[in-house]
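Coordinate analysis (summary)
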Amino acid sequence: MCSSDHKAITVVRDAPNNSVFIQFVALERADDVHKWLAEQTQVKSALVVPIRTREGIPAFAVVQGPFRTISSAMEFSKRPGVPEVRWLRSATSLKSALSPPSPENGDHHGQR
């Protein structure tokens, strides 16, 4: 895992539980995340965090935040060029989904 992954995880873990993140997309392959981000011009500050989906599948979520309120997240989402919001996610929900690669398996970036 690279240092930017650790930074993103730290931002999520340190976010107040009552804050909100915008989740734009969750993809299984790091290459797909990089392609998606390359196409987006207004979310250069988005975070990419390793998660497990509800089905238990390792994935990478592209999120923006944290925002103090749902209304501030929605205001951000209305900016020109910001991708369609897929999910307004509470910090608590995102924290519970975090899934850093396990030491025994190494980095799961790019693996299915």
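This write-up is about the structure you can find in this document. As the structure is a computational prediction, the values presented were derived from the model and not from experiment. (Residues numbered from 1 in each chain as written. Predicted model: local features only at pLDDT ≥ 70, side-chain atom pairs only at ≥ 80, totals over all residues. Heavy atoms only, no water.)

With respect to the packing of aromatic side chains
Spelled out, the test is: Stacked, tilted and edge-to-face are the three classes assigned to paired rings of Phe, Tyr and Trp, where Trp is represented by its six-membered ring and a pair needs centres within 6.5 Å; plane angles under 30 degrees give stacked, over 60 edge-to-face, the rest tilted. Using a 1.4 Å probe on the protein chains alone, a residue whose accessible area is under 20% of its type maximum counts as buried, one over 50% counts as exposed, and one in between counts as partly exposed.
The final tally for this structure, using the stated rule, is two aromatic pairs. Their ring planes at 45° and their centres at 5.5 Å tell us that phenylalanine 67 and phenylalanine 76 sit as a pair that is tilted. Residue phenylalanine 76 is classed as buried on the basis of its relative accessible area, which comes to 9%.

Quick notes on the pairing of strand 3 (residues 58–67)
Worth spelling out the cut-off: Numbering of helices and strands runs from the N terminus; a helix is a DSSP stretch of H or I covering at least four residues, while a strand is a stretch of E covering at least two. The pairing criterion is simple: DSSP has to find at least two bridges between the two strands.
Among the 10 residues of strand 3, seven are classified as buried, and the element is accordingly described as predominantly covered. In terms of strand pairing, strand 1 (residues 20–27) meets strand 3 through six bridges, oriented antiparallel. Note that in strand 3 the partner of isoleucine 22 across the bridge is glutamine 64. Here strand 2 (residues 47–52) runs beside strand 3; their pairing, made up of six bridges, is antiparallel. Bridging from a neighbouring strand, valine 49 pairs with alanine 61 of strand 3. Between the antiparallel neighbours strand 2 and strand 3 lie five residues, among them glycine 56 with a positive phi of about 85°.

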